[in-house]
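A structural walkthrough
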Amino acid sequence: LTLTLSALALSISATGAFANCDSGEIVAKLSHVTGGTSHPKVVAANNFAERVNNEMNGKLCVEVYPNSTLFGDSKELEALLLGDVQILAPSLSKFGSYSPKYGVFDLPFIFKDMDAAIRFTQSEAGKGLLHEMEDVGFVGLGYWMSGMKYFSANKPLIEPSDANGMKFRVQTSDVAKAMIEAMGASPQPMAFSEVYGALQTGVVDGQENTWSNIYTQKFFEVQDSITETNHQLLAYLFMTSSEFLDSLEPEVREQFLKIADEVTQEANLAVKAAEAENRQNILNAGGKINTLNDEQRQKWVDTMKPVWKKFESEIGADLIEAAAGA
Ligand code: LMR
């Protein structure tokens, strides 16, 4: 019995499911791929679960599975449609096979900073995109910002031409692929959970991500340095399935949506501080950060911005204009 119990405890802590759902409660599994304690998605997901579990006790119970422990990048969207998981928060760069429109968030240098990105998500155009995949059965609950992205590599990247001939891990995004190609480098789409190993073994030379991911996944340990390019946004679609949402009683659904909305707003207010903290955590742990002067930065802009034109017809010129002007 002792053995069984400790095995059970081990499996619970390994999956990260911390809620003790009571019998009779509807259980909603929230699966995501990030880890650590200081990551904005980890914090937001846990806050959401905590609020639902306190305020909706007896009705609904959320279990969180971080770190790709339940589903990783390649399976989670299908799993949501199959009803094997009820809530996700994938990066907006991972919806290419469902809609090309989310590519707008990936366009290099389209948002000056996260505030501009938040303004876009609050505009009519941005809010409209929450409903873009309802025909598939996906419902957007809100956008969670994660941060701006930076390149890391096994040698210092000061100008984009430094990346010539190198291999970079990208998310499954055609825009990201085109952006890496514009640098004269080769893109390797790969699930998030495989990135550390791929950097460590040299399957790829570099990757692009937020301070929070670079710190919590320890990418800085297996890279020469990180360059403060600020070239792209990383943000998530906090989402559920229409099947799950429709299965809830109206009153339960309303409370669930209200908490989702409040947690989203709170998460977006906290994200800049989390990013700044994780940038500092990288430096404290011995990671190296290359900053760019205006002239160097302009070279990154000039190299990558032509990518916009390539995607104009599939994303839509109006949407690009709305995002760029936010
Ligand atoms: C990545 O795959 O690099 C990110 O989307 C992971 C995440 O969820 O932050």
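Residues numbered from 1 in each chain as written. Predicted model: local features only at pLDDT ≥ 70, side-chain atom pairs only at ≥ 80, totals over all residues. Heavy atoms only, no water.

If you tally the helices and strands in the protein, you get 13 helices and 11 strands. At 20 Å, the protein has a C-alpha radius of gyration in line with the 20 Å of a compact globule built from 326 residues. The principal-axis extent of the C-alpha atoms belonging to the protein is close to 60 × 50 × 30 Å. Expressed as a percentage of its 326 residues, the buried residues of the protein come to 53%. For the protein, contacts bridging at least 24 residues in sequence account for 75% of all contacts bridging at least 6. Here the protein has roughly 14200 Å² of accessible surface; of this, 50% comes from carbon and sulfur atoms. Averaged over its 26 positive side-chain charges, the protein has a centre that lies 5 Å from the centre of its 43 negative ones. (Helix = DSSP H or I, 4+ residues; strand = E, 2+ residues; numbered from the N terminus. Rg over C-alpha atoms; globule rule 2.2 N^0.38 Å. Buried < 20%, exposed > 50% of the residue type's maximum accessible area, 1.4 Å probe, protein only. Contact = heavy atoms within 4.5 Å. Areas by Shrake-Rupley, 256 points an atom, 1.4 Å probe, with all protein chains shown as cover. Lys, Arg positive; Asp, Glu negative; His and termini not counted. Charge placed at Lys NZ, Arg CZ, Asp CG, Glu CD.)

One can describe the packing of helix α4 (residues 114-122) onto helix α10 (residues 250-284) by two numbers: an axis separation of 11 Å at closest approach and a directional angle of 160°. Classified by the angle between their axes, α4 and α10 sit roughly antiparallel to one another. Every pair of crossing elements has a handedness; the one defined by α4 and α10 is right-handed. From α4, Met 114, Asp 115 and Ile 118 reach across to α10, where they touch Asn 268, Val 271, Lys 272 and Glu 275. Along the lines of polarity and charge, the residues of the contact of α4 with α10 split into three nonpolar, one polar and three charged. (Axes fitted to C-alpha atoms, helices over the stretch in contact; angles between N-to-C directions. Parallel < 35°, antiparallel > 145°, perpendicular 65-115°, else oblique. Left-handed = near helix turned anticlockwise from the far one by under 90°. Nonpolar A, V, L, I, M, F, W, Y, C, P; charged D, E, K, R; others polar.)

Near the ligand the following residues occur: Val 33, Thr 34, Lys 41, Ser 91, Lys 94, Arg 169, Gln 171, Phe 192, Asn 209, Asn 213, Leu 234 and Tyr 236. In this structure, Arg 169 approaches the ligand through a side-chain N or O atom, which is 2.7 Å from an oxygen atom. Contact between the ligand and Asn 209: an oxygen atom at 2.9 Å from a side-chain N or O atom of the residue. For the ligand, the accessible surface in isolation is 270 Å², of which the surrounding protein chains cover 100%. Looking at the shell around the ligand, its residues break down into four nonpolar, five polar and three charged. (Near = heavy atom within 4 Å. Polar contact = N/O pair within 3.5 Å; in protein donor to acceptor, adjacent residues only side chain to side chain.)

What follows concerns the environment of Leu 248. Take Leu 248: it is sitting in the loop between α9 (242-247) and α10. Owing to a relative accessible area of 3%, Leu 248 belongs among the buried residues under this scheme. Sequence-wise, Leu 248 and Ile 26 are 222 residues apart; in three dimensions their C-alpha atoms are separated by 8.9 Å. The residues contacting Leu 248, other than those within four sequence positions of it, are Ile 26, Leu 60, Arg 253 and Phe 256.

Overall, mixed pairing links the five strands, which are arranged β2-β1-β3-β10-β4 in an open sheet. Looking along the sheet, the strands with just one partner apiece sit at the ends: β2 (60-65) and β4 (138-148). Of the strands in this sheet, β1 (26-31), β2, β3 (87-88), β4 and β10 (233-241) are in contact with helix α2 (residues 40-55), which crosses β2 at around 160°. Sheet strands touched by α4: β4 and β10. Its angle to β4, the strand with the most contacts, is close to 165°. (Pairing = 2+ DSSP bridges.)

A few words on the packing of aromatic side chains. Any pair of aromatic rings gets described here by the distance separating the centres and the angle formed by the planes. Taken as a whole and assessed by the stated rule, the structure comprises 15 aromatic pairs. The interplanar angle of 45° and the centroid separation of 5.3 Å between the aromatic rings of Phe 95 and Tyr 102 together place this pair among those described as tilted. According to the relative accessible area criterion, Phe 95 is buried, its value standing at 1%. Connected via pairs of aromatic rings, a cluster forms that spans Phe 48, Trp 144, Phe 238, Phe 244 and Phe 256. Above the face of the Tyr 236 ring, Lys 41 is positioned so that its terminal group lies 3.6 Å from the ring centre. The ring of Trp 308 carries Lys 305 above its face, with NZ or CZ at 4.8 Å from the centroid. (Phe/Tyr/Trp six-rings, centres within 6.5 Å; stacked < 30°, edge-to-face > 60°. Lys NZ or Arg CZ within 6 Å of the ring centre and 35° of its normal.)

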